Amino acid sequence: MGAIALAVVAALAVPVLVTLSARRLARAAAAHRRVTTRAVTALAAAWVVCAVLGAQIVPGLPVAADTVAADVFDRARQVRAGLNDKETLNTQLAGDPFREVPGERMLTALRGKDVLFTFVESYGRVALEDPELAPEVDAVLDGGTRQLRAAGYGSRSAFLTSSTTGGGSWLAHATLMSGIRTDNQLRYTNLVRSDHLTLNGAFKRAGWRTALVMPALNRAWPEAAFFEPDTLYGAKELGYKGPLFSFSSPPDQYTLAEFQRRERGPGRTPVMAEIPLLSSHLPWTPVPPLVGWDDIGDGSVYKGTARADRSAEGTREAYRQAVVYSLRTLISYVQRYGDENLVLVFLGDHQPARTITGDDAGKDVPITVVAKDPAVLDRIAGWGWQDGLNPDPQAPVWPMESFRDRFLRAFGPQSTTHS
């Protein structure tokens, strides 16, 4: 409490004291105008000379570093880009090739299928290729490939280059579903205010029920209208009664079980759903074990399963365990609830934080399509994606924003090449 009080006082005092100091300095400068003018002129001239000569007091630290000027220039460039972004976005929106396509000519090759787009939080390329992380993650994916193949399922995998890294999941979600690169908040705000056709909207136009499943959503979310859901499941609607895990959300297995119960029960018409899975979200707290799908109930089964030892929280080890849990959950879901009419697309939203990736990692994330009906995978044969759940370093890499158009072309009648 003392620390909080001190922080509040400091937060209030700093701007007040800086303002008073600036006013005092201004009065002093005004009172000694001639001296002030000469001093500023001399200092400016000295700065220019030092900058030209590259003078240094400490090796590697120029007296007249150009970082301030560069930063000012960069900020000005960002402001200008922001002001022009809406015009750029409007041009992109106007060029949408699917804007006027009628519903009966969309997604005809998926009629009768339940199609799930599932984002695995922070599931980045690093999880498949880092020497400390990859052995167990690769083992889960390779084992899952064999298990699903034995049950009659095929899968194809590649990489997408996300629009964000280390966070900003909503930017990646908007990028994939809209086909418009969304890499900053201004672009996101302008995009969701438009009537641009998303993958969600395309399925709805073509006759699917559409659902958004947001397990950590606990407040109003007006932007949801952009994705045209018939049903929005937030934390309240999912009815979870167990302990909260990472990012104050239920475990991924509960999220999928509750979605299954509500949207894929007997007699339901085909559904298209967008489902973020959050068990692998920072701070990568301990994850529960997988339980029997019939035992999940309202989530009370998880009480007492959260491990008391939280010493690994936020570490690479905790990240690895969380990603492994999410992937195992998805594989188990397909084994338990998959059928001829399930099409699962799962992918990472972005790479994890730099504490996991290091400073030089890119923005690539894995993406996989799973289906039991071979006709589904035949439609994407021209993509050149690799067989199985685990893409290797030579797998194709697409910009994330290119996925919407490729998907709509592959599964619509307007394409004969399925490219």
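See above for the structure.
These remarks concern the structure in this document. (Residues numbered from 1 in each chain as written. Predicted model: local features only at pLDDT ≥ 70, side-chain atom pairs only at ≥ 80, totals over all residues. Heavy atoms only, no water.)

## With respect to the pattern of salt bridges
Applying the stated criterion across every chain yields a total of 24 salt bridges. We note a salt bridge from D373 to K113, for which the minimum N-O separation is 2.8 Å. Residue D373 is located in the loop between strand 9 (364-371) and helix 13 (374-378), and its partner K113 is located in the loop between helix 3 (67-94) and strand 3 (114-120); the two are separated by 260 residues in the primary sequence. Its relative accessible area of 6% is what places K113 among the buried residues. When the shortest N-O distance is used, the salt bridge between R209 and E263 registers 2.1 Å. With R209 in strand 5 (residues 209-213) and E263 in helix 10 (residues 252-263), the pair connects residues that are 54 residues apart, well separated along the chain. Both residues of the pair, R209 and E263, belong to the buried class. (Salt bridge = Lys/Arg side-chain N within 4 Å of Asp/Glu carboxyl O. Helix = DSSP H or I, 4+ residues; strand = E, 2+ residues; numbered from the N terminus. Buried < 20%, exposed > 50% of the residue type's maximum accessible area, 1.4 Å probe, protein only.)

## Some points on the packing of aromatic side chains
For the structure shown, the criterion picks out 20 aromatic pairs. Relative to W385, the ring of W383 lies with its centre 4.9 Å away and its plane at 50 degrees, an arrangement referred to as tilted. Each member of the pair W383 and W385 is classed as buried. What links up through ring pairs into an aromatic cluster is the set F117, F203, W208, W383, W385, W398, F403, F407 and F411. (Phe/Tyr/Trp six-rings, centres within 6.5 Å; stacked < 30°, edge-to-face > 60°.)

## Some thoughts on helix 10
With twelve residues, helix 10 extends 16 Å between its outermost C-alpha atoms, agreeing within 8% with the 16 Å of an ideal straight helix rising 1.5 Å per residue. Counted residue by residue, helix 10 has ten buried out of twelve residues, so it is predominantly covered. Buried positions along helix 10 lie against strand 3, strand 5, strand 6 (231-233), helix 9 (235-238), strand 7 (271-277) and helix 11 (316-337). (Expected span 1.5 Å × (residues − 1). Contact = heavy atoms within 4.5 Å.)

## Concerning the environment of P391
Tracing the backbone shows P391 in the loop between strand 10 (386-387) and strand 11 (397-399). With residues near it in sequence (within four places) discarded, P391 still touches L128, S157, A158, F159, P366 and Q386.

## Looking at a nonpolar patch on the surface
Together, I4, V8 and L12 make up an exposed nonpolar region whose accessible area comes to about 310 Å². For V8, a relative accessible area of 45% puts it in the partly exposed group. (Patch = residues over 30% accessible without salt bridge, like charges linked within 9 Å, V, L, I, M, F, W, Y side chains within 5 Å. Areas by Shrake-Rupley, 256 points an atom, 1.4 Å probe, with all protein chains shown as cover.)

## With respect to the packing of helix 6 (residues 169-178) against helix 7 (residues 185-192)
When two helices pack together, their arrangement is given by the angle between their axes and by how far apart the axes lie. It is at 10 Å that the axes of helix 6 and helix 7 come closest, and there the two elements cross at 45 degrees. The orientation of helix 6 relative to helix 7 falls into the category oblique. Judged by the sense of rotation from one axis to the other, the crossing of helix 6 with helix 7 is left-handed. Along the contact surface, helix 6 presents W170, L171, A174 and S178, while helix 7 presents Q185, Y188 and L191. (Axes fitted to C-alpha atoms, helices over the stretch in contact; angles between N-to-C directions. Parallel < 35°, antiparallel > 145°, perpendicular 65-115°, else oblique. Left-handed = near helix turned anticlockwise from the far one by under 90°.)

## Considering the pairing of strand 8 (residues 342-348)
Extensive coverage of strand 8 is indicated by the burial of seven of its seven residues. Because side chains alternate across strand 8, one face comprises the buried residues L342, L344, F346 and G348, and the other comprises V343, V345 and L347, equally buried. Where strand 8 meets strand 9, five bridges bridge the pair, whose relative direction is antiparallel. Counted as the bridge partner of L344 is V370 from strand 9. (Pairing = 2+ DSSP bridges.)

## Some remarks on the pairing of strand 7
For strand 7, a buried count of seven out of seven residues is recorded, marking the element as mostly surrounded by other parts of the structure. In strand 7, alternate side chains face the same way, and those of V271, A273, I275 and L277 on one face and M272, E274 and P276 on the other are all buried. As judged from the six bridges shared by strand 3 and strand 7, these two strands associate in the parallel manner. Looking across to strand 7, one finds that L116 is bridged to A273. The sheet contact formed by strand 5 and strand 7 spans four bridges and is parallel. Among the inter-strand pairings, T210 is bridged to a residue of strand 7, identified as M272.

## Describing the side chain of E274
With respect to the helices and strands, E274 occurs in strand 7. One buried charge, E274, has no salt-bridge partner; the nearest side chain with opposite charge is R404, at 13 Å. Ignoring any residue separated from it by four or fewer positions in sequence, one finds E274 in contact with F117, F119, H173, M177, N200, A211, L212, V213 and F227. (Lys, Arg positive; Asp, Glu negative; His and termini not counted.)

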